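# Results of the structural survey
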Amino acid sequence: KNGFNGNVGAGYTYTKSSEIGRLNLDGSVRYSAPKTETKLTVSTILTSDSIEVKRDREDVALSFSYTFKSLWTVGSGLRYQRNLELGLDRRWQEGISVGHKLFVRKSQQAVLLTGMAFNQELNLEGVQRSNTEVILQASYDLFSFDEPSLTIAIVQTGYFSVTQKGRIRYDGNMSTNWELISDFNLNLQFYHNYDRESPETGEPNVDYGFVVGLSYKFD
């Protein structure tokens, strides 16, 4: 569908025994034209206790892509990330890519993509460093327009450093949106992140989690 569309959502959990609250916020805005797509996505997880509020995980991405008649695509993007579990205070990333849509059907599509990413990282100790990576990504989307409508999106991305020998990163995400009533969805998301050289310790580290929330869809 051409034009603007998007969604905004939130979820919150709290347990009295631990006095810990967890807030997750996410949203996206997409503008589609016959051959181009511009997309902004935002997600964050905040944890609060009796002492402080921590910004545990943040991810903001702006991307642009152009699709040829042959189903080949070229794209570029800007991204900001923060992940305390991996020892990352912030990462700025600029990327370029080329991809191929393996198939595009009414109810599903799959895309393979490769490219280069240029990163500027700051760890929790205040140490900065740059890193250039090769990107390999596979994504799959499934749509069901029956009542209630359901969408499933799977994105698996590997990053292979060309400036830090042996460093490999992996970002995996699977999300499901189930329409409860018109324009309101139940969101389920599982994410998994791996870094063979954590920015803080230089040792392998893993982060994963499951997020539940409600969102409003607009177009």
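What comes next concerns the included structure. Treat the numbers as computed from the prediction; the structure is a model and nothing was measured.

## Section: the environment of Thr-73
By secondary structure assignment, the location of Thr-73 is in strand 5 (residues 72-83). In this structure, the C-alpha to C-alpha distance between Thr-73 and Thr-36, residues 37 residues apart in sequence, is 9.3 Å. The residues contacting Thr-73, other than those within four sequence positions of it, are Tyr-66, Thr-67, Ser-97, Val-98, Gly-99 and Lys-101.

## Topic: the packing of aromatic side chains
Following the criterion strictly, the structure yields four aromatic pairs and no others. Considering the side-chain rings of Tyr-66 and Phe-68, the 5.0 Å spacing of their centres and the 70° angle between planes classify their relative orientation as edge-to-face. Note on Phe-184 and Tyr-216: the rings are 5.2 Å apart at their centroids and 55° apart in plane angle, and the pair reads as tilted. Of the two residues, Phe-184 is situated in strand 11 (residues 184-195) and Tyr-216 in strand 12 (residues 205-218); the sequence distance between them amounts to 32 residues. Under the relative-accessibility criterion, Phe-184 is labelled partly exposed at 42%. By relative accessible area, Tyr-216 is classed as partly exposed at 36%. Over the ring of Tyr-191 we find Arg-57; its NZ or CZ atom is 3.8 Å from the centre of that ring. Here the basic side chain of Arg-169 rests over the ring of Tyr-159, its NZ or CZ set 4.2 Å away from the ring centre.

## Here's the deal with the pattern of salt bridges
By the definition in use, this model includes 10 salt bridges. Glu-58 is the salt-bridge partner of Arg-55, the closest N and O atoms lying 2.7 Å from each other. What you see here is one network of salt bridges that share partners, running through Arg-91, Glu-121, Arg-129, Arg-167 and Asp-195.

## So, the side chain of Asn-185
Within the secondary structure, Asn-185 is located in strand 11. Those residues in contact with Asn-185 that lie beyond four places of it in its chain are Asn-177, Trp-178, Glu-179, Leu-180, Gly-213, Leu-214 and Ser-215.

## Remarks on the side chain of Ser-28
As for its placement among the helices and strands, Ser-28 is situated in strand 2 (residues 20-32). If we ignore the near neighbours within four places in the chain, the residues touching Ser-28 are Asn-5, Gly-6, Asn-7, Lys-39, Leu-40, Thr-41 and Phe-218.

## A short note on unusual backbone geometry
Negative phi values dominate among residues other than glycine, just as trans dominates among peptide bonds. If you check the backbone angles, Leu-71 has positive phi at about 75° while not being a glycine. Note that Leu-71 resides in the loop between strand 4 (53-67) and strand 5. You can call Leu-71 partly exposed: its relative accessible area is 32%. Positive phi, normally seen in glycine, also occurs at Asp-183, with a value near 75°.

Thresholds applied
- Residues numbered from 1 in each chain as written.
- Predicted model: local features only at pLDDT ≥ 70, side-chain atom pairs only at ≥ 80, totals over all residues.
- Heavy atoms only, no water.
- Helix = DSSP H or I, 4+ residues; strand = E, 2+ residues; numbered from the N terminus.
- Contact = heavy atoms within 4.5 Å.
- Phe/Tyr/Trp six-rings, centres within 6.5 Å; stacked < 30°, edge-to-face > 60°.
- Buried < 20%, exposed > 50% of the residue type's maximum accessible area, 1.4 Å probe, protein only.
- Lys NZ or Arg CZ within 6 Å of the ring centre and 35° of its normal.
- Salt bridge = Lys/Arg side-chain N within 4 Å of Asp/Glu carboxyl O.

By themselves these figures say nothing about function.
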